[in-house]
Structures are given as C-alpha cells and as structure tokens.
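Tertiary structure, described
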Amino acid sequence: MQIKTIHEIQLTKDDDAAIGALLSRAFGQIGDDDFEGRSYYKQRHHLRVLGWEGDHLIGHIALNFRMVTLGDETLPIIGLAEVATHPDHGGKGVASALLEETIKLALDAQATFILLFGDHPIYTRRGFLPAQNELRYVGIEDGHINTVITQVTKHLKVMALRDQSWDDTAKLDLLGHIF
Ligand SMILES: CC(C)(COP(=O)(O)OP(=O)(O)OC[C@H]1O[C@@H](n2cnc3c(N)ncnc32)[C@H](O)[C@@H]1OP(=O)(O)O)[C@@H](O)C(=O)NCCC(=O)NCCS
C-alpha cells in the first residue's frame, strides 16, 4: 500500500468520487452509510491520509486542525474523522498503518491532542484514551446549522501529543461542528 496525504483544496473530482465510494462501502457494511457518495459527512476537512493499492483507494482518514476550548483553555487539536478501510482489504493492517502516519503528522503539527469520536478497538490499542467530557458543538442538519448541541458522549477518544494531560472533567467546546 502507498500512503499519500492530500490537502482538501487539492482534491480532484476523481479523488472525491473515490473517497465517497470508499466511505459508502466501508460504512455501508456496518449499516451506517450516511455519505450518499460524498467524500465527507457534514462538512469538508483539512487533510486526507489515503492508502492506495495501485489505482484503488483502500483506506482513508480525514484530519481537521481546529481550536477547541477545554474548560478555560483554548487548545489546538487534530480531529480525526471517517476512518475507513475497503471491506476487501480489511484485517490487513490498512487502518493501523494510516493511523500511524496520522499520528506522525499530528506530532509534527502545532497540536496538543488528537481527538476522535469512535469505539473501534484499533484506537485504544494504539494508545487513545476514552474521555467523557461534556461536549458542546454546532448541529448541522440538511445543510443548515439547526442548534447548538450539549451532551456527554461515551465515544470521545483522546491522545496527548505533548506533556499536557487531558482534563476529562472540563467542558469541551468544539468551536464548530463535530468531526
Ligand atoms: C474499522 C476499520 C477502519 C478497521 O480497518 P482495518 O484496516 O481492517 O484495520 P486493521 O487491519 O489495521 O486492524 C487493526 C486491528 O484491529 C483489529 N480489529 C479489526 N476489526 C476488529 C473488530 N471488529 N474487533 C476487534 N478487533 C478488530 C485487527 O485484528 C487489528 O489488530 P492487530 O493490530 O492486533 O493486528 C474498518 O473495519 C472499517 O472501515 N470499518 C467500517 C467503518 C468504521 O467502523 N470506521 C471506524 C469508525 S469509529
């Protein structure tokens, strides 16, 4: 597998189509295809980490570089989204390799933590810790901001990239939509 990164603004229509098809296949197998062929769920990202086997896209992770507020402190974080492997290539380490590459990129960036919302064992195995902060973010429905959502999520996972530790008692404001 060849791993390539691409900035969102450089994605071609063919890249978008390949990512959309992959996300539909990967999330479709777990009955969760909300993508309808799009390369993103509600909003575009900043960077894609892509796994290619020749001309076939077999793996994907989207990265969002974002400021969030944890308690009284505003912090730079990288939010991961749409971790997906094509079902024909599952269980061969594709997602693990893309996650390793993503962590390397995050360590080189000005980010203090990586955050994601997900429950797959791959995350805890790689050192992400579960957190149960009260969360606030902008809700988007049918192409419109419809509300500001406050909830405690059981799906938040956090990886510290620097010396700072994560305060999971503090309120977490995503300063935008959820990724
Ligand atoms: C989740 C997903 C990305 C994993 O991709 P993958 O390329 O098959 O993952 P890997 O081959 O790198 O496997 C990573 C590890 O998780 C393990 N694993 C994979 N599926 C597992 C499962 N359902 N339960 C427990 N462990 C599992 C693998 O055995 C492997 O363990 P190892 O590192 O000790 O060998 C892929 O199954 C997928 O696209 N699923 C649908 C979309 C999805 O659920 N995305 C995650 C949203 S949170």
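Everything numeric here is computed off the predicted structure, so don't read it as measured data.

Look at helix α2 (residues 94-108): 22 Å from first C-alpha to last across 15 residues, which is about the 21 Å you get at 1.5 Å a residue. What α2 keeps buried is the set Val 94, Ala 95, Leu 98, Leu 99, Thr 102, Ile 103 and Ala 106. Viewed end-on, α2 has its buried residues packed into an arc of 160°, placing them on one side of the element. Relative to its buried face, α2 has exposed residues pointing more than 90 degrees away, namely Lys 104 and Asp 108.

The next subject is the site of the ligand. Close contacts around the ligand come from 20 residues, with Val 83, Gly 91, Gly 93, Ser 96 and Arg 125 the closest. In the environment of the ligand, an oxygen atom lies 2.8 Å from a nitrogen or oxygen atom belonging to the backbone of Thr 85. Calculation on the ligand without its partners gives an accessible area of 940 Å², and the protein chains cover 65% of this total. For the shell around the ligand, the elements supplying multiple residues, two or more each, are α1 (13-28), β4 (73-85), α2 and α3 (121-125). Along the lines of polarity and charge, the residues of the shell around the ligand split into 10 nonpolar, eight polar and two charged.

Another point: α1. Along an α-helix, a turn takes 3.6 residues, which lines up residues three or four apart on a common side. Here α1 spans 22 Å end to end across 16 residues, near enough to the 22 Å set by a 1.5 Å rise per residue. For α1, the full list of buried residues reads Asp 15, Asp 16, Ile 19, Gly 20, Leu 22, Leu 23, Ser 24, Ala 26 and Phe 27. Here the buried face of α1 lies against β1 (2-7), β2 (47-53), β3 (56-70) and β4.

Summed over all chains, the structure comprises five aromatic pairs. For the pair Phe 113 and Trp 166, a centre-to-centre distance of 4.9 Å together with 75° between the ring planes defines the contact as edge-to-face. Note that Phe 113 is positioned in strand β5 (residues 113-117) and Trp 166 in the loop between β9 (156-160) and β10 (172-177), a separation of 53 residues in sequence. Pair check on accessibility: Phe 113 and Trp 166 agree, each one buried.

Next up on the list: the side chain of Thr 102. Following the sequence through the fold, Thr 102 ends up in helix α2. If we ignore the near neighbours within four places in the chain, the residues touching Thr 102 are Val 49, Ile 61, Leu 63 and Leu 80.

The next thing to look at is the pattern of salt bridges. For the structure shown, the criterion picks out eight salt bridges. Between Asp 16 and Arg 44 there is a salt bridge, and its shortest N-O distance comes to 2.7 Å. Here Asp 16, found in helix α1, pairs with Arg 44, found in the loop between α1 and β2; they are 28 residues apart in sequence, far enough to count as distant. By relative accessible area, which is 19% here, Asp 16 ends up buried. Classification of Arg 44 by relative accessible area gives partly exposed; the value is 33%. A network of salt bridges, in which partner residues are shared, links Glu 8, Asp 16, Arg 44 and Arg 48.

The rules we used
- Residues numbered from 1 in each chain as written.
- Predicted model: local features only at pLDDT ≥ 70, side-chain atom pairs only at ≥ 80, totals over all residues.
- Heavy atoms only, no water.
- Helix = DSSP H or I, 4+ residues; strand = E, 2+ residues; numbered from the N terminus.
- Expected span 1.5 Å × (residues − 1).
- Buried < 20%, exposed > 50% of the residue type's maximum accessible area, 1.4 Å probe, protein only.
- Arc of directions from axis to C-beta.
- Near = heavy atom within 4 Å.
- Polar contact = N/O pair within 3.5 Å; in protein donor to acceptor, adjacent residues only side chain to side chain.
- Areas by Shrake-Rupley, 256 points an atom, 1.4 Å probe, with all protein chains shown as cover.
- Nonpolar A, V, L, I, M, F, W, Y, C, P; charged D, E, K, R; others polar.
- Contact = heavy atoms within 4.5 Å.
- Phe/Tyr/Trp six-rings, centres within 6.5 Å; stacked < 30°, edge-to-face > 60°.
- Salt bridge = Lys/Arg side-chain N within 4 Å of Asp/Glu carboxyl O.

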